[in-house]
Amino acid sequence: MKTVSEKDFEERMLRIRSVLRNAWIDTYGLDVIDSYIKDVEKEHMIDGHFVSILNHYRKLMQYDLCLSVTRMYETTGNNSLRNIQAIAIGFRTGNWGKFPTVSLPALKKAEAYRNSYLAHLDVEVSSTPITNDDMTQLLKSATAFYNSICINVSKPEWALSDNELNLLHLQRYFDFIDVLQQHIKDKE
């Protein structure tokens, strides 16, 4: 069992929380772009230059989401869920259960995407690319496990609550609509 100070444990937990929170922001941003643009394009025109900017930001959010998700499932590193689980045993007040069971094919696809395309700019991307749904499922499992650690070390205030996540989703939606409105024109 690994032991660290309570202060170091808190810092590590809050770093993990920050990565998870930012991954949810990426997920919600991708969701808003994918769904809202399709709806808008049915009846309106969007400035072409803005669409290319959105596509660029969309790609950056995908990259960041993939990196964030794979970081959570690393078997090495001080700030992975597996490492924090070993440390949290010293602070536990309950039983959070086993490490999250995840779709191994989805995790393998995410790691392959990160290792070959994101980290090394290989020309070839995997023949079975990771989808946003795959990454979202991995993120849900990681968040649930992180939250269970928070509860079982008597720090529920560190957890990512459903209310906080719902508010993040709404914020992404309204932020995006606010920016998009300036670039929409009626079809003639």
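Residues numbered from 1 in each chain as written. Predicted model: local features only at pLDDT ≥ 70, side-chain atom pairs only at ≥ 80, totals over all residues. Heavy atoms only, no water.

Undergrad: I'd like a rundown of the overall build of the protein chain, residues and numbers included.
TA: Helix and strand counts for the protein chain stand at six helices and two strands. Reading the secondary structure of the protein chain in the N-to-C direction produces α-β-α-α-α-α-α-β. Evaluated residue by residue, the protein chain yields a buried proportion of 41% over its 188 residues. Within the protein chain, residue pairs in contact and separated by at least 24 positions form 83% of the contacts whose partners lie at least 6 positions apart. For the protein chain, the exposed surface amounts to about 10800 Å²; the carbon and sulfur share of it is 53%. (Helix = DSSP H or I, 4+ residues; strand = E, 2+ residues; numbered from the N terminus. Buried < 20%, exposed > 50% of the residue type's maximum accessible area, 1.4 Å probe, protein only. Contact = heavy atoms within 4.5 Å. Areas by Shrake-Rupley, 256 points an atom, 1.4 Å probe, with all protein chains shown as cover.)

Undergrad: How would you explain the packing of aromatic side chains if you had to name every residue and give the values?
TA: Following the criterion strictly, the structure yields three aromatic pairs and no others. Relative to W158, the ring of F9 lies with its centre 5.9 Å away and its plane at 55°, an arrangement referred to as tilted. Note that F9 is positioned in helix α1 (residues 6–43) and W158 in the loop between α5 (132–152) and α6 (162–180), a separation of 149 residues in sequence. For the pair shown, F9 and W158 are each scored as buried. (Phe/Tyr/Trp six-rings, centres within 6.5 Å; stacked < 30°, edge-to-face > 60°.)

Undergrad: Explain the pattern of salt bridges to me, using residue names and the numbers behind them.
TA: Considering all chains together, one arrives at six salt bridges under this definition. K7 is paired through a salt bridge with E11; the nearest N and O atoms lie 2.8 Å apart. Here K7 and its partner E11 are both found in helix α1, four residues apart, which amounts to about one turn of the helix. A relative accessible area of 36% places E11 in the partly exposed class. R172 is the partner of D175 in a salt bridge, and the nearest nitrogen-oxygen pair spans 2.8 Å. Linking D175 with R172, this pair stays in helix α6, spanning three residues, or about one helical turn. (Salt bridge = Lys/Arg side-chain N within 4 Å of Asp/Glu carboxyl O.)

Undergrad: Please set out the layout of surface pockets residue by residue, giving values where relevant.
TA: A volume near 250 Å³ is recorded for the largest pocket. Every residue along the wall of the largest pocket is listed here: G29, V32, I33, F50, L54, Y57, L60, M61, R172, D175, F176 and V179. Elements supplying a minimum of two residues to the lining of the largest pocket: α1, α2 (48–72) and α6. No other element matches the five residues that α2 contributes to the lining of the largest pocket. Across the lining of the largest pocket, the residue classes tally to nine nonpolar, one polar and two charged. A volume near 160 Å³ is recorded for the second largest pocket. Lining the second largest pocket are T27, Y28, L30, D31, D34, N132, D133, T136 and H169. Of all the secondary structure elements, the ones that give two or more residues to the lining of the second largest pocket are α1 and α5. Looking at the lining of the second largest pocket element by element, the count peaks at five residues for α1. (1 Å grid on protein atoms, 1.4 Å probe; cavity = no way out; pocket = protein on both sides within 12 Å on 5 of 7 lines; lining within 4 Å. Points joined across faces, edges and corners; volume = space filled by probe spheres on them. Nonpolar A, V, L, I, M, F, W, Y, C, P; charged D, E, K, R; others polar.)

Undergrad: Please provide a residue-by-residue account of the confidence of the model for the protein chain, values included.
TA: The predicted coordinates should not be examined in detail at positions where pLDDT is low. Overall, the predicted model of the protein chain reaches an average pLDDT of 81, with 82% of residues at or above 70. Confidence, read as mean pLDDT per element, is least for helix α4 (residues 104–118) in the protein chain (71) and greatest for α6 (90). (pLDDT = per-residue confidence, 0-100.)

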